[in-house]
Amino acid sequence: MDIRDLARQLGLSIGTVSRALNDRKDVSAATRQRVLEAATRLGYTPNQSGRTLRSGRTGTIGFMLTLEHDSAVHGDPFFMALLEGVQTGLAEHGLDLVVLLARTGEDGLTFLRRHVARGTVDAWLLSATRYEDSRIDFLLDRRIPFVALGRSATARPFAWIDLDFESVVADAVALFAAAGHRRIGLVAPPATINNSHIIVDSYRTALDDAGITFDPALVHNGDTDESDGEATARQLMALDDRPSALLLMGETAPVGAYRALRGLGLEPGRDIALIGLRDSPTCRALSPDLTCFTLALEDLGLALAQGIGAAVASRDGHDVPLLQQRWPMTLRLGDSHHIRPPV
């Protein structure tokens, strides 16, 4: 059924039905209700292509993922739970979600330019924000609504929600320091990713607060996946003055670290202390139980949806505050951090 059929069924003009469906003020409440009830009863759905041509809007939000740095492509459920929350939240605004995946090696700005030129979506959710992220300036210059999952070094204000890496690192280092550890290894993301700078800066601050001298040899920047966790654990344990504790700021890095340490004859939680980033299903299977951090992923997704809904409203002339929020994570004590360093 198209709008002509619906108008014929109701004995109304196509223009009246169209205005009623679009909640125009020049249609009485009784007529609007009659049209909406008939549309539901008869199974009418608007032609989205025609509506897009008329309004210049698609009614969709694009979530840009990258193969290089987003854990969704490595089988981790982080983004699946997050996207469920985003989709639920967008439904409240009458918006749909599409996930757009940039190819391996594809420049993020080129990817974004292509989809903006096509008018694929009305607004964007960005992930894997870089220290210098040209996507942010591109969207700001064109006044295209967006919210970033992560911060950036750009000096221009923009909407973002980021995990509270500062508190995570501070809590982990304080826990190690309280147990007497003075050699604390850090596995951080690549230096091109903005949260890597936040993590390393927070690590240095936390060491200073604990009266521990910073040693760059104990810091490794890499993919923070399982393979990187294994390789880095081996490298750090090969140092002449090796660490007695490891902070692994990657989704699956602890899995590789456990394997590497056992390959070296070292038992996690007995011969070396470990703390991981997140209480993921993969890490939950580790033994001894990994000390790490929890967060409400669906709630985070809902917050992103509310943020992008507000950003779209702001474009339409509504005055809304700029969203900038550090998302809390809660320390979950396991058994992997208990070992005290040798005297």
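Computed from a predicted structure; not experimentally measured.

Caption draft 1: Region of the structure containing the environment of S227. By the secondary structure assignment, S227 is in helix α10 (residues 226-237). Residue S227 is classed as exposed on the basis of its relative accessible area, which comes to 54%. Taking C-alpha positions, S227 is 40 Å from V312, a pair spaced 85 residues apart along the chain.

Caption draft 2: Broad picture of the side chain of D162. In this structure, D162 sits in strand β5 (residues 160-163). Using a relative accessible area of 6% as the deciding quantity, one classes D162 as buried. Here R151 takes part through its side chain, which lies 2.9 Å from a polar atom of the side chain of D162. Leaving out residues up to four positions away in the same chain, D162 has contacts with G150, R151, I198, Q325, R326 and W327.

Caption draft 3: Here's a closer look at the domain arrangement of the protein chain. Looking at the protein chain, the domain boundaries give domain 1 (1-46), domain 2 (58-162 + 296-329) and domain 3 (165-294). Measuring from the centre of the C-alpha atoms in domain 1 to the corresponding centre in domain 2 gives 34 Å.

Caption draft 4: Focus on the environment of E298. You can see E298 is positioned in helix α13 (residues 297-315). According to the relative accessible area criterion, E298 is partly exposed, its value standing at 39%. With 210 residues separating them in the primary sequence, E298 and T88 have C-alpha atoms 9.0 Å apart. Residues within four places of E298 in sequence aside, it is in contact with A81, E84 and G85.

Caption draft 5: Representation of the nonpolar core in the model. If you look at the biggest cluster of nonpolar residues, it comprises 55 residues, and the most contacted ones within it are F63, L186, Y203 and M249. There are two domains that each give this core at least three residues, and those are domain 2 (58-162 + 296-329) and domain 3 (165-294). Contacts of F63, omitting those with residues within four sequence positions, involve F79, L82, L83, V86, L97, V98, V99, L100, L125, S127 and L149. Counting residues in each nonpolar core, the second largest holds 19 residues, with L246, A253, L266 and L274 among its members.

Caption draft 6: Looking closely at the sheet that holds strand β4 (residues 146-149). In space, the six strands of this open sheet follow the order β2-β1-β3-β4-β5-β11, with parallel pairing throughout. Looking at which strands have only one partner, the edges of the open sheet turn out to be β2 (96-102) and β11 (324-327). Averaged over all pairs of adjacent strands, the angle between strand axes in this sheet comes to 20 degrees, irrespective of strand direction. Summarising the sheet, β4 and β5 pair through two bridges and their orientation is parallel. Bridging from a neighbouring strand, L149 pairs with I161 of β5. In this fold helix α7 (residues 134-141) packs onto β1 (60-66), β3 (123-126) and β4, with an angle of close to 160 degrees to the strand it touches most, β3.

Caption draft 7: Up close: the packing of helix α5 (residues 78-91) against α13. Contact geometry for α5 and α13: axes closest at 7 Å, N-to-C directions at 45 degrees. Relative to α13, α5 is oriented oblique. Between α5 and α13 the crossing geometry is right-handed. Across the interface between the two elements, F78, A81, L82, E84, G85, V86, T88, G89 and L90 of α5 pack against L297, E298, L300, G301, L302, L304, A305, Q306 and I308 of α13. Taken together, the residues that form the contact of α5 with α13 break down as 11 nonpolar, five polar and two charged.

Caption draft 8: Representation of the pairing of strand β8 (residues 245-248) within the structure. The alternating pattern of β8 places A245 and L247 on one face and L246 and L248 on the opposite face, and all of these are buried. With four bridges connecting them, strand β6 (residues 184-188) and β8 associate as parallel partners. Looking across to β8, one finds that V187 is bridged to L248. The pairing of β8 with strand β9 (residues 273-278) spans four bridges and is classified as parallel. Bridge pairing in β9 places L246 opposite L274.

Caption draft 9: Quick look at α13. The end-to-end C-alpha separation of α13 is 27 Å, in line with the 27 Å expected for 19 residues at 1.5 Å each. Along α13, the residues that are buried comprise L297, L300, G301, A303, L304, A305, G307, I308, G309, A311 and V312.

Caption draft 10: Seen up close, the pattern of salt bridges. One pass over the structure, following the stated rule, counts 20 salt bridges. The partner of R278 in a salt bridge is E251, with the nearest N and O atoms 2.8 Å apart. In this pair, R278 sits in strand β9 while E251 sits in the loop between β8 and α11 (253-263), placing the two residues 27 residues apart along the sequence. Taken as a pair, R278 and E251 share a single burial class, namely buried. Each of R151, D162, D164, E166 and R326 takes part in a single network of salt bridges with overlapping partners.

Caption draft 11: Looking closely at the confidence of the model for the protein chain. Residues at a pLDDT of 70 or more form 91% of the protein chain, whose mean pLDDT is 88. Long-range and interchain partners of residues 70-75, a stretch whose pLDDT sits below 50, account for 15 contacts in this model, where long-range means more than four residues apart.

The rules we used
Residues numbered from 1 in each chain as written. Predicted model: local features only at pLDDT ≥ 70, side-chain atom pairs only at ≥ 80, totals over all residues. Heavy atoms only, no water. Helix = DSSP H or I, 4+ residues; strand = E, 2+ residues; numbered from the N terminus. Buried < 20%, exposed > 50% of the residue type's maximum accessible area, 1.4 Å probe, protein only. Polar contact = N/O pair within 3.5 Å; in protein donor to acceptor, adjacent residues only side chain to side chain. Contact = heavy atoms within 4.5 Å. Domains from an automatic or database assignment. Core = buried A, V, L, I, M, F, W, Y, C linked by side-chain atoms within 4.5 Å. Pairing = 2+ DSSP bridges. Axes fitted to C-alpha atoms, helices over the stretch in contact; angles between N-to-C directions. Parallel < 35°, antiparallel > 145°, perpendicular 65-115°, else oblique. Left-handed = near helix turned anticlockwise from the far one by under 90°. Nonpolar A, V, L, I, M, F, W, Y, C, P; charged D, E, K, R; others polar. Expected span 1.5 Å × (residues − 1). Salt bridge = Lys/Arg side-chain N within 4 Å of Asp/Glu carboxyl O. pLDDT = per-residue confidence, 0-100.

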